[in-house]
Amino acid sequence: EPGRPLAGRHAVVTAGPTFEPIDPVRGLTNRSSGKQGYAVAGALAALGARVTLVSGPVAIAAPAGVERVWAETAREMQAAVDKALPADIAVMSAAVADWRVDGVASGKIKKAPGGPPSLSLIENPDILAGVSAAGKTRPSLVVGFAAETTDLEANARAKLSRKGCDWIVGNDVSEAVFGADANTVTLFTRDGAAESWPRQSKAEVARKLAARIADHFRT
Ligand code: C5P
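None of these values were measured; they are calculated from a predicted model.

**Let's talk about the UniProt feature "binding site: CTP" (unreviewed entry) in the protein chain**
The feature "binding site: CTP" (unreviewed entry), as annotated in UniProt, sits at Asp98, Lys108, Pro125, Asp126, Ile127, Leu128, Phe145, Lys159 and Lys163 in this numbering. Across 66 residues of sequence, these annotated residues are also dispersed in space, with a maximum C-alpha separation of 37.9 Å. Of note, Lys108 is situated in the loop between strand S7 (99–101) and strand S8 (121–123). Excluding anything up to four places from it in sequence, Lys108 contacts Asp23, Pro24, Val25 and Arg26. Along the chain, the position of Pro125 falls in the loop between S8 and helix H3 (127–132). According to the relative accessible area criterion, Pro125 is partly exposed, its value standing at 23%. Setting aside chain neighbours within four positions, we find Pro125 in contact with Arg75, Gln78 and Arg100.

Here it is as structure tokens:
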């Protein structure tokens, strides 16, 4: 289909932060805005893909033509991704919390004279690594993100092999990125290639990534 090179393909995209509860009113989260992942979901849909967007808590509208599934915690996000498979394409752009609270309190933790409570943390599952190792249901193209302040190339390459994905979008976050509209990225692929893209809007980064994905499926 001209103009819709990804027609017939299914893409799963994660975006936004996760929220890990401490008690019924408090939690651990991060500053991910979800903008880049939402833009990628929209750009893939614009090229004809069926897109399942698994989103952490953000306050942005779902792009046209995208099916959004909400997830709060890392484990909910992982379950939603698993449920969305099989897919041809996975783009994992969510800022998943590395840890969650072990033993979430069932009632609001009270301020006590004994001083502040201690939080015990346990590791969350790595959704990207899990999808990359999904065996029969592994999407044929799995793309991760790496936000780094230093040694972008070395860290992105290490992540590529550690996580078992096919591409890593390396994100230079030494400049303002979180919540901003622009992004400076380099695309690292398994064959050792690296493509640096000039600082541009997140929408432009998304269109470029979607176009590269469409090229990948054309060849
Ligand atoms: O290891 P790090 O968090 O820097 O890796 C970032 C990449 O891994 C992103 O693509 C992110 O969406 C993904 N990730 C994940 N699950 C985690 C941690 C990271 O899918 N628990």
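Here the narrative resumes.
**Quick word on the site of the ligand**
Surrounding the ligand, one finds Met92, Ser93, Ala94, Val96, Pro125, Asp126, Ile127, Leu128, Gly144, Phe145, Lys159 and Lys163. Contacts to the ligand include Leu128, whose backbone N or O atom sits 2.8 Å from an oxygen atom. Contact distances for the ligand include 2.9 Å between an oxygen atom and a side-chain N or O atom of Lys163. Protein coverage of the free-state accessible area of the ligand, which is 450 Å², stands at 85%. Every element with two or more residues in the shell around the ligand is listed here: H3, strand S9 (141–148) and helix H4 (152–163).

**A word on the sheet that holds strand S5 (residues 66–70)**
The eight strands are arranged S5-S4-S1-S6-S9-S10-S12-S13 in an open sheet whose pairing can be described as mixed. Single-partner strands in this sheet number two, and they are S5 and strand S13 (194–196). Along the sheet, successive strands turn relative to each other by an average axial angle of 15°, direction set aside. Across six bridges, S9 lies against strand S10 (residues 167–172) in parallel orientation. Note that in S10 the partner of Ala146 across the bridge is Gly170. Sheet strands in contact with helix H1 (residues 35–46) are strand S1 (10–15), strand S4 (50–55), S5, strand S6 (89–92) and S9, and its direction is about 170° off that of S4. Seen against the sheet, helix H5 (residues 202–218) touches S6, S9, S10, strand S12 (185–189) and S13 and runs at an angle of roughly 165° to S10.

**Brief notes about the environment of Pro24**
Position of Pro24 among the secondary structure elements: in the loop between strand S2 (20–23) and strand S3 (26–28). Sequence separation between Pro24 and Ser106 is 82 residues; the distance between their C-alpha atoms is 6.6 Å. When neighbours within four sequence positions are excluded, Pro24 is seen to be in contact with Ala105, Ser106, Gly107 and Lys108.

**Thoughts on the pairing of S9**
On any regular strand, side chains alternate: one points to one face of the sheet, the next to the other face. Burial analysis of S9 places seven of its eight residues in the buried class, which makes it a mostly covered element. Handedness of the crossover joining S9 and S10 through H4: right-handed.

**Regarding unusual backbone geometry**
The step from Leu85 to Pro86 runs through a cis peptide bond, and the omega angle for that step is 5°. Along the polypeptide, Pro86 turns up in the loop between helix H2 (74–84) and S6.

**Details of a nonpolar patch on the surface**
On the surface, a cluster of nonpolar side chains totalling about 300 Å² of accessible area is made up of Trp99, Leu119 and Leu121. Inspection of the secondary structure assignment puts Leu121 in strand S8. The class of Leu121 is partly exposed, set by a relative accessible area of 41%.

**A short note on the environment of Asn155**
Turning to its location among the elements, Asn155 is positioned in helix H4. Beyond its immediate stretch of four places on either side in the chain, Asn155 contacts Glu148 and Thr150.

So, how was this worked out
- Each chain carries its own residue numbering, running from 1 in the direction its sequence is written.
- The predicted origin of the model limits local features to residues at a pLDDT of at least 70 and limits the giving and counting of side-chain atom pairs to 80 or more, whereas totals for whole chains, interfaces and linings rest on all residues.
- Excluded from the side-chain calculations are hydrogens and water; all other atoms, namely the structure's heavy atoms, are used.
- UniProt positions are given in the numbering used here, feature names are shortened, and annotations may be inferred rather than shown by experiment.
- Here a helix means four or more residues in a row that DSSP labels H or I, a strand means two or more in a row labelled E, and each is numbered from the N terminus.
- Residues are treated as being in contact if the distance between any of their heavy atoms lies within 4.5 Å.
- A simple rule labels every residue: compare its accessible area, found with a 1.4 Å probe on the protein chains alone, to the largest value its type can have, and call it buried under 20%, exposed over 50%, or partly exposed in between.
- Put simply, a residue is near a molecule or strand once any heavy atom of it comes within 4 Å of that molecule or strand.
- N or O atoms within 3.5 Å of each other form a polar contact, as long as, within protein, one can give a hydrogen and the other can take it, and as long as residues adjacent in sequence are counted only when both atoms are side-chain atoms.
- All accessible-area figures derive from a Shrake-Rupley calculation using a 1.4 Å probe, and residue coverage is judged against the displayed protein chains alone.
- Two strands qualify as a pair provided that DSSP identifies no fewer than 2 bridges between them.
- Angles here are taken between N-to-C directions and fall from 0 to 180 degrees, while the axes themselves are lines fitted to C-alpha atoms, restricted in helices to the stretch in contact.
- Consider the strands pointing away from the viewer: the crossover is right-handed when the path from the first strand over the helix to the second runs clockwise.
- Only residues whose relative accessible area exceeds 30% and that take part in no salt bridge are eligible for patches, with like-charged residues grouped when within 9 Å of each other and nonpolar side chains (Val, Leu, Ile, Met, Phe, Trp, Tyr) grouped when within 5 Å.
- What makes a salt bridge here is a side-chain nitrogen of Lys or Arg within 4 Å of a carboxyl oxygen of Asp or Glu, nothing more.

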